[in-house]
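A look at the structure
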Amino acid sequence: MAAGNTLVRGGQVYDHDGDVHKPKVADILIQNGDIVSVGPNLSADGAEVVDASGKLIIPGLINAHYHSHDTLCRGLFEELSLEMWLLYTLPLGANRSQEEIRARTLVGALESIRCGITTVQDMLGLAPLDDEGTDTVIKAYKDIGIRVVFAPMVWDVPPVAMVRNKDDLPKDVQEMLGATGRPVKDQIDYLDHQFNRHKAGGTLHWAVAPFAPQRCTPKMLQGCCELAEKHNLGIYTHVYETRGQVLIAREQFKDHDGSLISYMENNGMLNPRLNIVHSVWISRKEMDRMAAADAGIVLNHLSNLKLKSGIAPVVDLRESGVRLGLGCDNCSGSDVQSIFQAMKLFCLFSAVSEPEPGPPLAHQVLRHATLGNARTAGLQGKIGALKPGHKADMVMIDLKDTAYLPYNSAARQLVYTEAGRGVESVMVDGRMVMKERKITTIDEDGLRREVQDLMRHFIKDYDDVVATRKRAMPYMLDAHRKVWAEDIGMHRFIQRTR
Ligand SMILES: [Zn+2]
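Residues numbered from 1 in each chain as written. Predicted model: local features only at pLDDT ≥ 70, side-chain atom pairs only at ≥ 80, totals over all residues. Heavy atoms only, no water.

1. Focus: the packing of helix α2 (residues 98-114) against helix α3 (residues 131-144)
Relative placement of two packed helices is described by the angle separating their axes and the distance separating the axes. Where α2 contacts α3, the axes come no closer than 9 Å and their chain directions differ by 35 degrees. With respect to the hand of their crossing, α2 and α3 are arranged in right-handed fashion. Contact residues: α2 offers Gln98, Ile101, Arg102, Thr105, Leu106, Ala109, Leu110 and Ile113, while α3 offers Glu132, Gly133, Thr136, Val137, Lys139, Ala140, Tyr141, Asp143 and Ile144. Counted by class, the contact of α2 with α3 contains nine nonpolar, four polar and four charged residues. (Axes fitted to C-alpha atoms, helices over the stretch in contact; angles between N-to-C directions. Helix = DSSP H or I, 4+ residues; strand = E, 2+ residues; numbered from the N terminus. Left-handed = near helix turned anticlockwise from the far one by under 90°. Contact = heavy atoms within 4.5 Å. Nonpolar A, V, L, I, M, F, W, Y, C, P; charged D, E, K, R; others polar.)

Next comes the structure, spelled out in structure tokens:
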């Protein structure tokens, strides 16, 4: 629910189009959740006044790729490739109690708010896909007050399709990964039903999320496109996260030029609604086609490194002109919800492929993390900037934090220096969800106790999963090594001398 009128007085208000190093001091007038005016010495006129002197106010950060289903797995995994990690983590997100679904949703949202994220795009692996679980997730998000672009994942080709040469795996290993498909119609009907049951509005938004092209038949992709068109929604899907997925495309999608982009295009999906996630191993030709179609790419450097997938080609992506967003991905595959870390890596990684001094610069990546990410959800003009007509989603940064001692550039110090410590207050939709570092919407200590309680069972389940699935690990490792040994005609980015 949106709050009444508020005047945020005397902060330095970050403006993408203004002085990004020393933003001007201004007031922000908010009415019913919307910014109505930004400027010096605005009249409070009965509005509640929030003193923001000594604060830097930035547009709320947006996480354009996230999954809430594994927040309780944070810190459980290390040194695993994507396929190995999926084998362990997938069962820990499925068939859980409603208490656990609520707790894990709140844990991820809480961390996000504390790190200045006001919108999460939750590509949730909800299993089973049902009303009860959906209601629990939506209620948790509403209670804590973060904005969500909710995108429960759908697929009809079994999870084992993530592994190249899956048919060479022993039957029981195939089954551990998941060898059973799901009916298309049930899932499309489920989504349509939820979009009607919980109408978008306030802090709830929807998107359509076919898991990945190789996990969806043409019928599923077409069904998702029709649904996105009908409800005017964005589409998110995982594409070219690993080298193995390039080989899968070349070997199994020959009828589509061996390209997942062509496969999506031939099923009506290559259009401005589309956002592909990862694109570590996308070719330059495919980037150009994405750019021409006004489709977007959401980068997740943190998880791509942790899961041994590789480094997305930042410089080529920028040169292609394709629209870009940033995400933090899973809590057990990155393992942090911090757009600050994602922004810093984005800027630093340009050096891997381009040693010449030059962009991307801090103020440019700040645009990707706000305006670019808003565009991925179809929320451009509504979130991502502190301007009249936009939603009052903002973060107040304490300039007394040592990250700003001395204070020379807002944009550069937000990207290169801020670790999340400076985030002091957070407003979403005009509602202060964190004030002076205290969460105002839920009982944070109560949540801590609940999680502690839930973890007793959760860790037992984790131990069981690891014990029963260990047998499959050598096969996954072998598959991972083979795709890295193969010359796929793309730069490996980092030379090795041995
Ligand atoms: Zn993902």
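2. Digging into the state of the cysteines
In a disulfide, the sulfur atoms of two cysteines are covalently bonded to one another. Evaluation of the coordinates by the stated rule reveals zero disulfides. Residue cysteine 115 stays outside any disulfide, its sulfur separated by 7.8 Å from that of cysteine 328, the closest cysteine. For cysteine 115, a relative accessible area of 9% gives the class buried. (Disulfide = S-S within 2.5 Å. Buried < 20%, exposed > 50% of the residue type's maximum accessible area, 1.4 Å probe, protein only.)

3. Considerations on the pattern of salt bridges
Counted under the stated rule, the structure contains 37 salt bridges. Taking the shortest distance from any N to any O, the salt bridge between arginine 367 and aspartate 17 comes out at 2.8 Å. Pair noted here: arginine 367 is in helix α14 (residues 362-376) and aspartate 17 is in the loop between β1 (6-13) and β2 (25-31), with a separation of 350 residues, a long-range link. A salt bridge links aspartate 288 to arginine 284; its shortest N-O distance comes to 3.0 Å. Note that aspartate 288 and arginine 284 are positioned in helix α9 (residues 284-292) at a spacing of four residues, about one turn of the helix. Here aspartate 288 falls in the partly exposed class, since its relative accessible area comes to 32%. Take arginine 284: its relative accessible area is 33%, and that puts it in the partly exposed class. Taken together, the shared-partner salt bridges connect Asp15, Asp17, Arg367 and Lys387 into one network. (Salt bridge = Lys/Arg side-chain N within 4 Å of Asp/Glu carboxyl O.)

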